[in-house]
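Examining the three-dimensional arrangement
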Amino acid sequence: MRIVKTQVDETKKRENALRIIRSMIKKKGRESLFDLTGLSGGYPIKEEDIKILETYVGPAIFEEKLQELGKKHLGGEKVLAFNRTTSGILATILTFAKVGTYVVHYLPKPPSHPSIPKSVKLAGAKYLEYYDVKDFPDNTSLIIITGATMDLDVMPTENFEKIVKMSGDIPVFVDDASGARVRTVLYGQPTAIELGADLVITSTDKLMNGPRGGLMSGKKELINKIKSTAHQLGLEAQPPLMAGMVRALEEFNPNLLKKSIKRKRKLRKLLEKDFEGVEETPTGIKIEPEYLKQKIKTDLSSKDLAFLFSMILLRSGIITIPAVGMPGASTTIRLDLSSKDAERIKLEELKTIFLDAFSKLKDIVKSPERCKEIIYGAKNDQN
Ligand SMILES: *Cc1c(COP(=O)(O)O)cnc(C)c1O
């Protein structure tokens, strides 16, 4: 039996998750929730920023600050902000990928972020994906390197260097959505620009307390071309987003990120006594859906088990991606300890919630009706 079968089902599940969040905030306040997705979309703007969130006045102020802070964070000659990392990827590919040529994407492991192959298709170019340092075809117009994947697999420094060396005159663009912090702060690697990339983009929402947005830096001449594409298609960040990025960069503290490493090790140790399937991620711990499937006797799919587990955790205030993610998002259960809310919860408490949720899950799978209710909510609450 399958409970969540289609993307429409996933949307209904997400609506129920948001309904639960809404009701918890009403009853017990925001403090009753702990967003451990690592994607909390912080928006640390100040009173004085609000007055200048205007179409032309805003960029006059925020663009200058963003140049300074963005270059400090990423290196490069000029900075450009986007509505999302995806928007920056699209603008770059549309600018450089010529019709009929190849765009070659090197990444440590699959999967690629879907925005890269989709954008290449829109540009009318041909897409190649490599998981090791292979030579690329002659008529290649753009080389993309993913610094750290969505699963936080990291590209080794020596591969970066080899690819940059091979690239010759072809622009090298690095998707460092989380990599700009995972690779540098947690793995001690140089920035993408220091490694010789021409362009890099990062997400101000990943491993830092900023809004969801894309921050790009690189060679001035290339950035100017991308900027023109971005403005024509409405992909650039608007003043409120720029203000949020500026403040998040001002506040960014790599030491807090490093501190999360110690805490995640401790949490892994606390959990592994009862839960041998727990694995470490760079900033937290994770449980794969397949592990749940191994441990629980049921006809339900591993994905359904992950959705159920995540929805049960949510009722105890713990927000994880399988409950709130967009359709198609990963079903791995992750607790990210670099999240802002992670500082408010004791690891022992987190362990108790986690183990309780797991025993509830084992019980609930016996009743299909109960499973449906956990995922979609009571019948008369559903839209
Ligand atoms: C998150 C991510 C993106 C896209 O970021 P959005 O904010 O969703 O546009 C692109 N590439 C990688 C590797 C990512 O992890």
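Residues numbered from 1 in each chain as written. Predicted model: local features only at pLDDT ≥ 70, side-chain atom pairs only at ≥ 80, totals over all residues. Heavy atoms only, no water.

If you look the protein chain up in an unreviewed UniProt entry, it shows as Pyridoxal phosphate enzyme from Methanothermus fervidus. The heading Cofactor (unreviewed entry) in the UniProt record of the protein chain holds the text "pyridoxal 5'-phosphate". (UniProt positions renumbered as here; feature names shortened; annotations may be inferred.)

**As for the side chain of D341**
Within the secondary structure, D341 sits in the loop between β12 (333-336) and α14 (347-364). A polar contact of 2.7 Å, which involves the side chain of D341, links it to the side chain of R30. (Helix = DSSP H or I, 4+ residues; strand = E, 2+ residues; numbered from the N terminus. Polar contact = N/O pair within 3.5 Å; in protein donor to acceptor, adjacent residues only side chain to side chain.)

**Description of a nonpolar patch on the surface**
There is a patch of nonpolar side chains on the surface, built from L94, L122 and L233 and spanning about 290 Å² of accessible area. Examined against the element boundaries, L94 turns out to sit in helix α4 (residues 85-96). (Patch = residues over 30% accessible without salt bridge, like charges linked within 9 Å, V, L, I, M, F, W, Y side chains within 5 Å. Areas by Shrake-Rupley, 256 points an atom, 1.4 Å probe, with all protein chains shown as cover. Salt bridge = Lys/Arg side-chain N within 4 Å of Asp/Glu carboxyl O.)

**A short note on the UniProt feature "modified residue: N6-(pyridoxal phosphate)lysine" (unreviewed entry) in the protein chain**
According to UniProt, the feature "modified residue: N6-(pyridoxal phosphate)lysine" (unreviewed entry) maps to K206 in the numbering used here. By the secondary structure assignment, K206 is in the loop between β7 (199-203) and β8 (214-218). In this view, K206 contacts G38, L39, A177, S178 and R181; residues no more than four positions away in its chain are not counted. (Contact = heavy atoms within 4.5 Å.)

**What to know about the packing of aromatic side chains**
Inspection of the entire model under this criterion finds six aromatic pairs. Both rings, one in F309 and one in F358, keep their centres 6.2 Å apart while their planes meet at 70°; by these two values the pair is edge-to-face. Separated by 49 residues along the polypeptide, F309 in helix α12 (residues 302-315) and F358 in helix α14 bring together distant segments of the chain. Overall, the relative accessible area of 0% leaves F309 in the buried class. An aromatic cluster of at least three residues, connected via ring pairs, comprises F275, Y291, F309, F354 and F358. The ring of Y376 carries the charged tip of K12 above its face, separated from the ring centre by 4.9 Å. (Phe/Tyr/Trp six-rings, centres within 6.5 Å; stacked < 30°, edge-to-face > 60°. Buried < 20%, exposed > 50% of the residue type's maximum accessible area, 1.4 Å probe, protein only. Lys NZ or Arg CZ within 6 Å of the ring centre and 35° of its normal.)

**Remarks on the nonpolar core**
Nonpolar side chains in soluble globular proteins tend to end up buried together. Counting 51 residues, the largest nonpolar core has F309, I318, L350, F354 and L361 as the members making the most contacts within it. A per-element tally of this core places α12 first, with nine residues. Formed by 34 residues, the second largest nonpolar core is a distinct cluster that contains Y106, L195, A248 and L249. (Core = buried A, V, L, I, M, F, W, Y, C linked by side-chain atoms within 4.5 Å.)

**Some details on the pairing of strand β3 (residues 102-106)**
Counting buried positions along β3 gives four out of five residues, so the element sits mostly inside the fold. Both β3 and strand β4 (residues 126-130) contribute to a ladder of five bridges, which runs parallel. Residue pairing in the sheet places V103 in a bridge with Y127 of β4. Once the chain exits β3 it traverses helix α5 (residues 115-123) before rejoining the sheet at β4, and the crossover so formed is right-handed. As paired elements, β3 and strand β5 (residues 140-146) share five bridges and run parallel to each other. Bridged to Y102 within β5 is T140. (Pairing = 2+ DSSP bridges. Right-handed = clockwise from strand over helix to strand, strands pointing away.)

**Some thoughts on the sheet that holds strand β10 (residues 284-287)**
Two orientations exist for strands paired in a sheet by backbone hydrogen bonds: parallel and antiparallel. Across the sheet, three strands lie side by side as β9-β10-β12; this open sheet has antiparallel pairing. Edge positions in the open sheet fall to β9 (279-280) and β12, since each of these has one partner strand only. By the bridge criterion, two bridges tie β9 to β10 in an arrangement that is antiparallel. From the neighbouring strand, E279 faces β10, where its bridge partner is K286.

**Thoughts on the pattern of salt bridges**
Applying the stated rule across the entire model yields 18 salt bridges. Close ionic contact of D49 with R247 constitutes a salt bridge, the shortest N to O distance being 2.8 Å. One end of the pair, D49, is in helix α2 (residues 47-50); the other, R247, is in helix α9 (residues 239-251), and 198 residues separate them in sequence. Residue D49 is classed as buried on the basis of its relative accessible area of 2%. Take R247: its relative accessible area is 7%, and that puts it in the buried class. As a salt-bridge pair, E288 and K286 come within 3.3 Å of each other at their nearest N and O atoms. Among the residues examined, E288 registers a relative accessible area of 22% and is labelled partly exposed.

**Side note on the pairing of β5**
Of all seven residues in β5, seven are buried, a share of seventy percent or more. Across four bridges, β5 lies against strand β6 (residues 172-175) in parallel orientation. Bridging from a neighbouring strand, I143 pairs with V172 of β6.

**Structural notes on the sheet that holds strand β2 (residues 78-82)**
Strand order in this open sheet of seven strands is β2-β8-β7-β6-β5-β3-β4, and the pairing throughout is mixed. The two strands at the open ends of the sheet, each matched to only one other strand, are β2 and β4. Taken over all neighbouring pairs, the strand axes of this sheet differ in orientation by 20° on average, direction set aside. Inspection of the sheet shows β7 paired to β8 by five bridges, in the antiparallel sense. When the bridges of β8 are listed, V200 appears paired with S217. Each of β2, β5, β6, β7 and β8 is contacted by α4, which is oriented at about 160° to β7, the strand it contacts most. Across the sheet, helix α6 (residues 157-167) lies against β3, β5 and β6, angled at about 170° from β5, the strand it touches most. (Axes fitted to C-alpha atoms, helices over the stretch in contact; angles between N-to-C directions.)

**Observations concerning the domain arrangement of the protein chain**
Each domain of the protein chain was delimited in the assignment, giving domain 1 (7-38 + 254-376) and domain 2 (47-251). Computed over C-alpha atoms only, the centres of domain 1 and domain 2 are separated by 30 Å. Facing the eleven residues of domain 1 at the interface are 13 residues of domain 2. The contact between domain 1 and domain 2 buries some 890 Å² in all, and 66% of this surface belongs to carbon and sulfur atoms. Inspection of the domain 1/domain 2 interface yields one salt bridge. Between the two partners, domain 1 and domain 2, sit one residue pair in polar contact (both at pLDDT 80 or more). By residue number, the principal contributor to the side of domain 1 that touches domain 2 is helix α10 (residues 254-272), which donates four residues. For the side of domain 1 that touches domain 2, a count of residues per class yields five nonpolar, three polar and three charged. (Domains from an automatic or database assignment. Buried area = accessible area lost by both parts, 1.4 Å probe. Nonpolar A, V, L, I, M, F, W, Y, C, P; charged D, E, K, R; others polar.)

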